[in-house]
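Chain by chain, the residues run as shown.
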Amino acid sequence: MTEIQLENESVPMREFRSRVILGELKRPKVLDVILKTGVVKNEAAAVHILLISAGIMLVVSVIIFGQTFKGAPEISPLDMDVIRSNANLK
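Residues numbered from 1 in each chain as written. Predicted model: local features only at pLDDT ≥ 70, side-chain atom pairs only at ≥ 80, totals over all residues. Heavy atoms only, no water.

Undergrad: Which parts of the structure should I look at to understand the overall build of the protein chain?
TA: Broken down by element type, the protein chain carries 3 helices and 0 strands. Considering the protein chain as a whole, with its 90 residues, one finds that 8% of them fall into the buried category. Carbon and sulfur atoms make up 63% of the accessible area of the protein chain, which amounts to about 8800 Å² in all. (Helix = DSSP H or I, 4+ residues; strand = E, 2+ residues; numbered from the N terminus. Buried < 20%, exposed > 50% of the residue type's maximum accessible area, 1.4 Å probe, protein only. Areas by Shrake-Rupley, 256 points an atom, 1.4 Å probe, with all protein chains shown as cover.)

Undergrad: Looking at this model, I keep getting lost on the pattern of salt bridges. Mind explaining?
TA: Oppositely charged side chains can pair when the atoms bearing their charge come close. The full count for this structure, using the stated rule, is 3 salt bridges. Put simply, Asp-32 and Arg-27 hold a salt bridge, and the shortest N to O gap is 2.7 Å. Arg-27 is the salt-bridge partner of Glu-43, the closest N and O atoms lying 3.5 Å from each other. With a gap of 16 residues between them, Glu-43 in helix α2 (residues 43-68) and Arg-27 in the segment before α1 (29-37) connect regions that are remote in the sequence. A relative accessible area of 16% places Glu-43 in the buried class. A network of salt bridges, in which partner residues are shared, links Arg-27, Asp-32 and Glu-43. (Salt bridge = Lys/Arg side-chain N within 4 Å of Asp/Glu carboxyl O.)

Undergrad: Looking at this model, I keep getting lost on the packing of α1 against α2. Mind explaining?
TA: The description of two packed helices rests on the angle between their axes and on the distance between the axes. For the pair α1 and α2, interaxial distance at closest approach is 10 Å and the crossing angle is 110 degrees. It follows that α1 is roughly perpendicular to α2 by the angle criterion. Residue-level inspection shows Val-30, Leu-31, Ile-34 and Leu-35 of α1 in contact with α2, the latter providing Glu-43, Ala-46, Val-47, Ile-49 and Leu-50. Of the residues contributing to the contact of α1 with α2, the split by class is 8 nonpolar, no polar and 1 charged. (Axes fitted to C-alpha atoms, helices over the stretch in contact; angles between N-to-C directions. Parallel < 35°, antiparallel > 145°, perpendicular 65-115°, else oblique. Contact = heavy atoms within 4.5 Å. Nonpolar A, V, L, I, M, F, W, Y, C, P; charged D, E, K, R; others polar.)

Undergrad: Looking at this structure, I do not really get a nonpolar patch on the surface. What am I missing?
TA: On the surface, Ile-52, Ile-56, Val-60 and Ile-64 cluster together to form a nonpolar patch covering roughly 380 Å² of accessible area. Counting through the fold element by element, Ile-64 comes out in helix α2. (Patch = residues over 30% accessible without salt bridge, like charges linked within 9 Å, V, L, I, M, F, W, Y side chains within 5 Å.)

Undergrad: I would appreciate a short explanation of α1 in the present structure.
TA: Quick reminder: α-helices carry 3.6 residues per turn. Residues three or four places apart thus point the same way. Those residues of α1 that fall on the buried side of the exposure criterion are Leu-31, Asp-32 and Ile-34. The buried residues of α1 all sit within an arc of 165 degrees when viewed along its axis, so they share a single face. The outward face of α1, more than 90 degrees from its buried face, is lined by the exposed residues Lys-29, Val-33, Lys-36 and Thr-37. Buried residues in α1 make contact with α2. (Arc of directions from axis to C-beta.)

Undergrad: Explain the confidence of the model for the protein chain to me, please; I cannot follow it from the model alone.
TA: Caution applies to low-pLDDT parts of the model: their predicted coordinates are not meant to be read in detail. Overall, the prediction assigns the protein chain a mean pLDDT of 80, with 73% of residues at 70 or greater. The secondary-structure element of the protein chain with the lowest mean pLDDT is helix α3 (residues 77-89), recorded at 82, while α2 shows the highest, at 93. (pLDDT = per-residue confidence, 0-100.)

So, in structure tokens, the structure goes:
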């Protein structure tokens, strides 16, 4: 049997880069925008900001979704009168 040897890449595994087919590694535009605003100084902090904001958005969406399907809608007394009168007509 033959042994397969893989070449080590020069890019560390934890770096956040997107690949272009047959091209060089490019940093995502969202990271560029965060770095240009001056909110953070390095790419690792920008990635942390993106992960935290994604987590916050996920929690907010779960809360909104939970409030939307909370239970059956309340029926006002006026609506109950209309329902009863329609039931008596049949």
